[in-house]
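Now for the letters of each chain:
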Amino acid sequence: MKIGIIGAGLIGGTLARRFRELGHEVTVSNSRSPETLADLAAETGATAAWAKDAAADADLVVVSIPQKNVPDLAAGIVDARKPGAPVIETNNYYPQQRDGEITAIEDGQVESAWVAELIGAPVYKVFNGIWWKHLLESGKPSGTPDRIALPIAGEDGPGRELVHDIADQLGFDPVDAGPISESWRQQPGTPVYGKDLDAENTRTALAEASPERTAEWSARTA
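Parameters at a glance
Residues numbered from 1 in each chain as written. Predicted model: local features only at pLDDT ≥ 70, side-chain atom pairs only at ≥ 80, totals over all residues. Heavy atoms only, no water. Helix = DSSP H or I, 4+ residues; strand = E, 2+ residues; numbered from the N terminus. Contact = heavy atoms within 4.5 Å. Pairing = 2+ DSSP bridges. Right-handed = clockwise from strand over helix to strand, strands pointing away. Salt bridge = Lys/Arg side-chain N within 4 Å of Asp/Glu carboxyl O. Buried < 20%, exposed > 50% of the residue type's maximum accessible area, 1.4 Å probe, protein only. Expected span 1.5 Å × (residues − 1). Arc of directions from axis to C-beta. Axes fitted to C-alpha atoms, helices over the stretch in contact; angles between N-to-C directions. Parallel < 35°, antiparallel > 145°, perpendicular 65-115°, else oblique.

- Per an unreviewed UniProt entry, the recorded name for the protein is Pyrroline-5-carboxylate reductase catalytic N-terminal domain-containing protein, and the organism is Mycolicibacterium hippocampi.

Pasting the structure below:
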């Protein structure tokens, strides 16, 4: 499978490594020139590219960048992917820690819906709540007891099936977390975020989530 990754930080870089280990063809990019990814390309066999070109002819696209940088992406950045190819976004909104205030999100727009609106494509939210080192090292074969589960929000259909399959290939149990409108259930500050739960406990944590943004994860604290 051909996978384009926009963003080569801790999660994007880890996914590039893991996807290459699985034998997928990977194109990876960051906010700078391809030359700045020479070491990662040499290590993994991935192809370094400009961000505007990373999604070209891809079967799957991953957007993994700081939330505040999404407006800086080139217009139509994922449009050159194959027809129907799903787009994963792994982003988190960290207003106090990194991103500053994003008005639409603070006013109630779901983080992933905001990303989808800006890039002009529907998205699946996954990989946003797992520590990069566990993503790199903690995958286990299907059926292994206490296998870490990953909530996946997005629309039903072939795109979801592919995203679930790639999570399973990486060694994690995919859990349907509902449509993107429900993806607040896995945003920072929720019971599932940052926890290495199994599938049953992941479903419980998602059900217990509240749509209210907690003070730690808001720019509008008293």
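**Focus: the environment of Ala58**
Argument step 1. Position of Ala58 among the secondary structure elements: in the loop between β3 (47-48) and β4 (60-63).
Argument step 2. Spatially, the C-alpha atoms of Ala58 and Thr27 are 8.8 Å apart, while their sequence positions differ by 31 residues.
Argument step 3. Look past the residues within four positions of Ala58 in its chain and what remains in contact with it is Lys2, Gly4, Arg81, Lys82 and Ala85.

**Focus: the pairing of strand β8 (residues 173-176)**
Argument step 1. Of the strand pairs in this sheet, strand β7 (residues 149-152) and β8 are connected by 4 bridges, and their pairing is parallel. Note that in β8 the partner of Pro151 across the bridge is Val175.
Argument step 2. After leaving β7, the chain enters helix α7 (residues 158-170) and then returns to the sheet as β8, a path that is right-handed.

**A look at the pattern of salt bridges**
Side chains that differ in charge, positive against negative, can pair when their charged atoms come close.
Argument step 1. In total, this model carries 14 salt bridges according to the counting rule given.
Argument step 2. For the salt bridge of Arg18 with Glu21, the shortest nitrogen-to-oxygen distance reads 3.2 Å. In this pair, Arg18 and Glu21 are both assigned in helix α1 (residues 10-21), 3 residues apart and thus about one turn of the helix distant.
Argument step 3. For Arg18, a relative accessible area of 10% puts it in the buried group.
Argument step 4. Note that Asp176 and Arg160 form a salt bridge whose closest N and O atoms lie 3.3 Å from each other. One end of the pair, Asp176, is in strand β8; the other, Arg160, is in helix α7, and 16 residues separate them in sequence.
Argument step 5. You can call Arg160 buried: its relative accessible area is 6%.

**Regarding α7**
An α-helix turns once per 3.6 residues; consequently, residues spaced three or four apart project the same way.
Argument step 1. For α7, with 13 residues, the first-to-last C-alpha span of 19 Å sits near the 18 Å given by 1.5 Å per residue.
Argument step 2. Residues Gly159, Arg160, Val163, His164, Ile166, Ala167 and Leu170 constitute the buried set of α7. Projected down its long axis, α7 carries its buried residues within an arc of 160 degrees, all on one side. Exposed and oriented more than 90 degrees from the buried face of α7 are Pro158 and Glu161.
Argument step 3. Among the residues trailing α7, Gly171 stands out with phi positive, at a value near 105 degrees.

**Things to note about the packing of α1 against α7**
Argument step 1. Close contact between α1 and α7 brings their axes to 10 Å; oriented N to C, the two are set at 80 degrees. By the angle class used here, α1 and α7 are roughly perpendicular. Contact with α1, carried on its side by Leu15, Arg18 and Phe19, involves Ile166, Gln169 and Leu170 of α7 and no other residues of that element.

**Quick look at the pairing of β4**
It is a general feature of regular strands that their side chains alternate between the two faces of the sheet.
Argument step 1. Alternating residues of β4 divide into Leu60 and Val62 and Val61 and Val63, and every residue in both groups is buried.
Argument step 2. For strand β1 (residues 2-6) and β4, the ladder comprises 4 bridges, and the chain directions are parallel. If you follow Ile3 over to β4, its bridge partner there is Leu60.
Argument step 3. Bridge analysis of β4 against strand β5 (residues 87-89) gives 3 bridges, and the strand direction is parallel. Each residue of the ladder has a partner; that of Val63, found in β5, is Glu89.

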